[in-house]
Amino acid sequence: AEEYDTAAECIQTFTSLYFAVQPKSQSQPGKEGKGKAIKGKGSILNESDEGHVLKEQARTVKLSAKNLREVVLEKFEKAAKDGDHEQVKRFASILGPIGLVESGLQAFTKYL
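The rules behind the values
- Residues numbered from 1 in each chain as written.
- Predicted model: local features only at pLDDT ≥ 70, side-chain atom pairs only at ≥ 80, totals over all residues.
- Heavy atoms only, no water.
- Buried < 20%, exposed > 50% of the residue type's maximum accessible area, 1.4 Å probe, protein only.
- Helix = DSSP H or I, 4+ residues; strand = E, 2+ residues; numbered from the N terminus.
- Arc of directions from axis to C-beta.
- Contact = heavy atoms within 4.5 Å.
- Polar contact = N/O pair within 3.5 Å; in protein donor to acceptor, adjacent residues only side chain to side chain.
- Expected span 1.5 Å × (residues − 1).
- Axes fitted to C-alpha atoms, helices over the stretch in contact; angles between N-to-C directions.
- Parallel < 35°, antiparallel > 145°, perpendicular 65-115°, else oblique.
- Left-handed = near helix turned anticlockwise from the far one by under 90°.
- Nonpolar A, V, L, I, M, F, W, Y, C, P; charged D, E, K, R; others polar.
- Core = buried A, V, L, I, M, F, W, Y, C linked by side-chain atoms within 4.5 Å.

Trainee: Explain helix H4 (residues 85–95) to me, please; I cannot follow it from the model alone.
Mentor: Because an α-helix packs 3.6 residues into every turn, residues spaced three or four apart end up facing the same way. Turning to H4, its buried residues are Val88, Phe91, Ala92, Ile94 and Leu95. Along the axis of H4, the buried residues cluster in a sector spanning 155°; they form a single face. Here the buried face of H4 lies against helix H1 (4–20), helix H3 (55–82) and helix H5 (101–111).

Trainee: Even after reading the chapter, I still don't get the environment of Phe19, so can you show me in this structure?
Mentor: Tracing the backbone through its elements, the reader meets Phe19 in helix H1. Along the backbone, Phe19 and Leu54 are 35 residues apart, and their C-alpha atoms lie at a distance of 9.9 Å.

Trainee: How should the environment of Lys75 be read in this particular structure?
Mentor: Of note, Lys75 is situated in helix H3. For Lys75, a relative accessible area of 26% corresponds to the partly exposed category. Along the chain, Lys75 and Val88 lie 13 residues apart, while their C-alpha atoms are 8.3 Å from each other. Discounting residues that sit within four places of it in the chain, Lys75 has contacts with Glu2, Tyr4 and Phe91. Polar contacts involving the side chain of Lys75 include one to the side chain of Glu2, which spans 3.1 Å.

Trainee: Where do I start with H3 in this structure?
Mentor: Taking 1.5 Å per residue, 28 residues should reach 40 Å; H3 reaches 40 Å between its end C-alpha atoms and fits that length. Regarding H3, the residues found buried are Ala58, Val61, Lys62, Ala65, Leu68, Val72, Phe76 and Ala79. Buried-residue contacts for H3 involve H1, H4 and H5. Among the residues trailing H3, Gly83 stands out with phi positive, at a value near 70°.

Trainee: I keep staring at the packing of H3 against H4 and nothing clicks. Help me out?
Mentor: Angle between the axes and distance between the axes: these two values describe a pair of packed helices. The N-to-C vectors of H3 and H4 enclose an angle of 155°; their axes lie 8 Å apart at closest approach. For the element pair H3 / H4, the angle class is roughly antiparallel. Considering how the two elements wind past one another, H3 and H4 form a crossing that is left-handed. Each of Arg69, Val72, Leu73, Lys75, Phe76, Ala79 and Ala80 in H3 lies in contact with H4, whose residues at this interface are Gln87, Val88, Phe91, Ala92, Ile94 and Leu95. Tallied by class, the residues present in the contact of H3 with H4 amount to ten nonpolar, one polar and two charged.

Trainee: Quick question: what am I supposed to make of the nonpolar core here?
Mentor: Buried together is how nonpolar side chains tend to be arranged in soluble globular proteins. By size, the foremost hydrophobic cluster in this structure holds 24 residues, and its most contacted members are Phe14, Tyr18, Leu68, Val72 and Ile98. Elements with a contribution of two residues or more to this core: H1, H3 and H4. Examining the composition of this core, we find that seven residues originate from one element, H3, more than from any other. Other than its neighbours up to four places away in sequence, Phe14 contacts Ile44, Leu54, Gln57, Ala58 and Val61.

This is how it looks when you write it as structure tokens:
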């Protein structure tokens, strides 16, 4: 089954957790910044994982997000070519939860 929406929600959930957890360098005793959350810009694809406690997991999620982005953009383009407005809206909206709001807006605007 094509559960792109669910995959995007899982990536969005991980991204929220990723930005809420401190990098290793900030979580060590005696280091400044202990107890502070990281403020993210929205897309885990744009983040460096160095020193982060979720580094390995982030690599897996980034790979999944990149693959999802490629598939969703491909499906979006096909729906746009076919004039399937409901699918165009669906696939454009999936890009937001994986931190690609701008890509979703650009694709939807191009479609219009």
